Amino acid sequence: MEIIILAIITCYFLGTCAYFAFLILQKDRFYRLGFILMAAGFVFHTGSIFYKAFDSGFFPAHNFHEVMSFAGWAVVGVFLIFNARIKLKILGIYAAPLATFIMAVCYRLPDEIVRTKGVLSSFWTALHVVIIFLGEASFALACGVGVLYLLQERAIKRKRRGFFFSRLPSLNLLDSSGYAFIIAGFTLLTIGLAIGFIYANAIWGRFWSGDPKEVWSAITWLVYAALLHERLAVGWQGRKAAVMSIIGFAFILFTFFGVNFLMEGHHGEFTKR
Amino acid sequence: MQQILLIGLNHKTAPVSVRECIAFSDDETAGTLSAFRKRENIKESMLVSTCNRVEFLLTTDSAEKAVESVKSVISENKTLPVSEFSDYLYIYKGEDAVRHIFLVASSLDSMVVGEPQILGQIKDAYRIATDEKTSGVILNRLMHKTFSVAKRVRTETGIGDHAVSISYAAIELGKKIFGSLHNKQTLLIGAGEMAELAVEHLIRNQATDILVANRTFERGVQLAGQYNGQAIHFDEIGRCLETVDIIISSTGAPGFVIDAATVKTCMRKRKNRPLFFIDIAVPRDIDPKINTLNNAYVYDIDDLKDVVDENIEDRNREAVKGRRIVDEAVITYLKWYESLDVIPTVVAIRNKMKQIADAEVEKTLNGLNHLSEKDTKAIQKMTEAMINKILHHPTLYLKGNGCKTDKSSAIDIARKLFHLDD
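Residues numbered from 1 in each chain as written. Chains lettered and ligands numbered in written order. Predicted model: local features only at pLDDT ≥ 70, side-chain atom pairs only at ≥ 80, totals over all residues. Heavy atoms only, no water.

Visitor: So what's going on with the overall build of chain B? Residues and values would help.
Guide: Within chain B, the secondary structure is distributed over 16 helices and 10 strands. Its C-alpha atoms give chain B a radius of gyration of 32 Å, clearly above 22 Å, the size a compact globule of 422 residues would have. Put simply, chain B has 422 residues, and 50% of those count as buried. Sequence separation of at least 24 residues holds for 72% of the intrachain contacts in chain B that already meet a minimum separation of 6. Looking at chain B as shown, the accessible area adds up to about 20,900 Å², and 52% of this sits on carbon and sulfur atoms. Where the 55 positive side-chain charges of chain B centre and where its 59 negative ones centre are 5 Å apart. (Helix = DSSP H or I, 4+ residues; strand = E, 2+ residues; numbered from the N terminus. Rg over C-alpha atoms; globule rule 2.2 N^0.38 Å. Buried < 20%, exposed > 50% of the residue type's maximum accessible area, 1.4 Å probe, protein only. Contact = heavy atoms within 4.5 Å. Areas by Shrake-Rupley, 256 points an atom, 1.4 Å probe, with all protein chains shown as cover. Lys, Arg positive; Asp, Glu negative; His and termini not counted. Charge placed at Lys NZ, Arg CZ, Asp CG, Glu CD.)

Structure, rendered in structure tokens:
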């Protein structure tokens, strides 16, 4: 298993190098190389997750190691799907190192088998987790696009064009890509949360149990809902939208990590020692 | 051996008053080339004439006479005394001429380094020369090499990458903000040469909808007609800001025509869609504070000038790389060119024959062990004699008894027949 994770990390790392070469030298062959490396890593990654799932008979999100691996998988998956659809070639300079970093952390974490209660290994829990992770991966990419937007906006506003000006795409493309990621993320998050609540109602007889993860997920959802509402109603675009997508992602990170390490609740199994 | 000769003048050596007198139209070029064909001392010729340069590229046996011919042809064609222009001419021979034409075609010798038109102009000039049948082996090869060098310089260096004119720099910035300028609405306030140039660039980039606001409405209507746009009154500008995307301003007004408060209120109405102000007026028309508002971008003339200066610097840096590519190409071309000389060609043919003969003789002798040393010598002598006899006429022909008119192409064919070059 370890060897596969190392292979995945190698692919993502080389992909990162290729994307940075593309950023600096602006040659399309590096971009294509980066894409191929990320796709190759993704194939290994998918294989490793399926292997684990068949091996244990459950969806592999039992310990922190598996959760991180799945988070990395979701980021790369969303990145690859979007990359084929939008012309934002430069996004790799954010997504590839992010995936590499997540996998490097994952590699350092112990992979001990934790048996969870039956409730949490059902199909509906798995679906709930997969959809939410894909949504959060979209938000992670939206945050990256937001950072790129702020860099490019700064270059144009300050009239000191420098390294990024010629290398980053137009503000319009960055803004609309960020918006696309937010829409995708918000849709997935909404569906994922709905499945969670409905399933909770089915097995525990209540939609809402005040679990900190539930509370923070709801807050995160509201942050993105506000962002989308403002965009549609008042036209929050450009800088404000970029800043908001970065703030929104900070909420995601807290809901993802902070809640598990700082608070108790029924979502905490996988980080319990 | 024919010499490559280049005679010309350009924006660096001659003032525009001289250049405009000497410029050749396409028809004149054809006429001049056919005049050259009649001159004995000019073998091959072509003529490149643009607004910034006139270049005569020739091959000749006698450089001095050819220079005189060119001067007299210019003087006849343009009815100008030779003394009027001869001081402005530069004359390059051989290697220098090759390098010069490579530099010109790669746009490294242009007034604006990296401008793309020159290569097309040289291609046209070459086409006229081939139509007039004044280009031969040497110039054909030289031109093909020229085109490939120019292409390499363009693709492998960044000399053509960024805008080096104010109006074009503004368009590039617009693209960085809006992505595509397709269907973007433009408001032109006031009129001026540079503003009009920018509008033309915009139209070329498919920004179709043009509004014109001018102090005198009549002039506005006239300008709007020019761009298939619409004229508006000066006091309608505030309302227009709700819909337009790009504003180009160049009025002679002493104060700001658009202030920050106006833009701030209109931003809400336009749902924060980006606004790009191009202010080419001095004193400025657009309040620079607008640049601090979200999604509003203001570039004044100095900002644009900085962009252009920076881009020119970039291009000059890239030009160094371009020169290196040109130097490489000069070396390969000259290698081929020098091989066109008679003696090396004759020697090369002889060596090749001798190599083949020696190899075959050795093969045969290996199977004939009963022959004495004397017999072997006799056979070797015979093959040498055969080579001499076979090559006698070709050698004479190449040395000039048979091919007085176009020696270079005869040599070229000979080299191809014997496959002397790889």
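Visitor: Just give me the short version of the sheet that holds strand β9 (residues 275–279) of chain B, but keep the residues and values in it.
Guide: Adjacent strands of a sheet form backbone hydrogen bonds with each other and so pair up, either parallel or antiparallel. Residues and elements named next belong to chain B. Spatially, β7-β6-β5-β8-β9-β10 is the arrangement adopted by the 6 strands of the open sheet, whose pairing is parallel. With partners counted over all chains shown, the strands left at the sheet margins are β7 (230–232) and β10 (296–300), one partner each. Across the sheet, the mean angle separating the axes of adjacent strands is 20 degrees when strand polarity is ignored. As judged from the 5 bridges shared by β9 and β10, these two strands associate in the parallel manner. The residue bridging Ile278 from the neighbouring strand is Tyr299, located in β10. Strand contacts of helix α9 (residues 193–204): β5 (185–189), β6 (209–213) and β8 (246–249), with the helix running at about 155 degrees to β8, the strand carrying the most contacts. Its contacts with the sheet put helix α13 (residues 301–339) on β9 and β10, and the angle it makes with β10 is roughly 80 degrees. (Pairing = 2+ DSSP bridges. Axes fitted to C-alpha atoms, helices over the stretch in contact; angles between N-to-C directions.)

Visitor: Any chance you could break down helix α4 (residues 92–108) of chain A for me, citing the residues and the numbers?
Guide: All names here are of chain A. Compared with the 24 Å implied by 1.5 Å per residue over 17 residues, the 24 Å span of α4 between its first and last C-alpha is a close match. Taken together, the buried positions of α4 are Gly92, Ile93, Tyr94, Ala95, Ala96, Leu98, Ala99, Thr100, Ile102, Met103 and Cys106. Buried residues along α4 sit against α1 (2–25), α2 (28–56), α3 (64–85), α5 (123–158) and α9 (239–262). (Expected span 1.5 Å × (residues − 1).)

Visitor: Requested: an account of the interface of chain B and chain A, with residues and values cited.
Guide: Listed by partner, the interface residues are 24 residues for chain B and 24 residues for chain A. Note on chain B versus chain A: buried area summed over both sides is about 1,900 Å², and carbon and sulfur give 44% of it. In terms of surface lost to chain A, no three residues of chain B exceed Lys176, Lys271 and Tyr297 of chain B, which account for 32% of the buried area on that side. Joining chain B to chain A, the criterion identifies 1 salt bridge. As a salt-bridge pair, Asp303 of chain B and Lys159 of chain A come within 2.7 Å of each other at their nearest N and O atoms. Our count for the chain B to chain A interface comes out at 16 residue pairs in polar contact (both at pLDDT 80 or more). Every element with two or more residues in the side of chain B that touches chain A is listed here: α8 (166–178), β10 and α13 of chain B. Ranked by residues supplied to the side of chain B that touches chain A, first place goes to α8 of chain B with 5 residues. Considering only residue class, the side of chain B that touches chain A consists of 10 nonpolar, 8 polar and 6 charged. (Buried area = accessible area lost by both parts, 1.4 Å probe. Salt bridge = Lys/Arg side-chain N within 4 Å of Asp/Glu carboxyl O. Polar contact = N/O pair within 3.5 Å; in protein donor to acceptor, adjacent residues only side chain to side chain. Nonpolar A, V, L, I, M, F, W, Y, C, P; charged D, E, K, R; others polar.)

Visitor: Break down α9 of chain A for me, citing the residues and quoting the values.
Guide: All names here are of chain A. Between its terminal C-alpha atoms α9 stretches 32 Å, which fits the 34 Å expected from 24 residues at 1.5 Å a residue. The principal kink in α9, of about 35 degrees, is found at Phe254. All buried positions along α9 are accounted for by Ala241, Ala242, Met244, Ser245, Gly248, Phe249, Ile252, Thr255, Phe256, Gly258, Val259 and Asn260. (Bend = angle between axes of the 7 residues up to and from the residue.)

Visitor: Give a description of the nonpolar core that names residues and reports values.
Guide: By size, the foremost hydrophobic cluster in this structure holds 104 residues, and its most contacted members are Met38 of chain A together with Ile248 and Phe276 of chain B. Not counting residues up to four positions away in its chain, the partners in contact with Phe276 of chain B are Ala170, Leu173, Gly174, Ile177, Phe178, Asp245, Ile246, Ile247, Tyr297 and Tyr299 of chain B. The next biggest cluster of nonpolar side chains, apart from the first, holds 78 residues, and it includes Val18, Val113, Met143 and Ile387 of chain B. (Core = buried A, V, L, I, M, F, W, Y, C linked by side-chain atoms within 4.5 Å.)

Visitor: Any chance you could break down a nonpolar patch on the surface for me, citing the residues and the numbers?
Guide: Residues and elements named next belong to chain A. A cluster of nonpolar side chains, namely Ile198, Phe207, Trp208, Val215 and Ile219, defines an oily patch on the protein surface of about 450 Å² accessible area. Mapped onto the elements of the fold, Phe207 is located in the loop between α7 (171–204) and α8 (212–233). Residue classification places Phe207 among the partly exposed residues on the basis of a relative accessible area of 45%. (Patch = residues over 30% accessible without salt bridge, like charges linked within 9 Å, V, L, I, M, F, W, Y side chains within 5 Å.)

Visitor: So, the sheet that holds strand β2 (residues 42–49) of chain B: which residues are in play, and what are the values?
Guide: Residues and elements named next belong to chain B. Within the open sheet, the 4 strands sit side by side as β2-β3-β1-β4. Their pairing is antiparallel. Among the strands making up the open sheet, the edge pair consists of β2 and β4 (90–93). Neighbour-to-neighbour, the strand axes of this sheet turn through a mean angle of 15 degrees, independent of strand direction. Summarising the sheet, strand β1 (residues 3–10) and strand β3 (residues 53–60) pair through 8 bridges and their orientation is antiparallel. Each residue of the ladder has a partner; that of Gly8, found in β3, is Glu55.

Visitor: Describe the domain arrangement of chain A, listing the residues and the values that go with them.
Guide: Residue and element names in this part refer to chain A. What the domain assignment reports for chain A is domain 1 (1–115) and domain 2 (118–273). Distance from the C-alpha centre of domain 1 to the C-alpha centre of domain 2: 19 Å. Across the domain 1/domain 2 interface, buried area totals approximately 2,500 Å², and carbon plus sulfur atoms make up 84% of it. Per-residue buried area on domain 1 facing domain 2 is highest for Phe64, Leu88 and Tyr94; these three make up 22% of the total on that side. Where domain 1 packs against domain 2, one counts 0 salt bridges. Summed over the shared surface of domain 1 and domain 2, the result is 3 residue pairs in polar contact (both at pLDDT 80 or more). Contributing elements (two or more residues each) for the side of domain 1 that touches domain 2: α1, α3 and α4. Ranked by residue count, the leading element in the side of domain 1 that touches domain 2 is α3, at 11 residues. When its residues are assigned to classes, the side of domain 1 that touches domain 2 shows 24 nonpolar, 3 polar and 2 charged. (Domains from an automatic or database assignment.)

Visitor: I'd love a proper account of the domain arrangement of chain B, names of residues and values included.
Guide: Domains assigned within chain B are domain 1 (3–156), domain 2 (166–308) and domain 3 (341–417). For domain 2 of chain B and domain 3 of chain B, the distance between their C-alpha centres works out to 77 Å.

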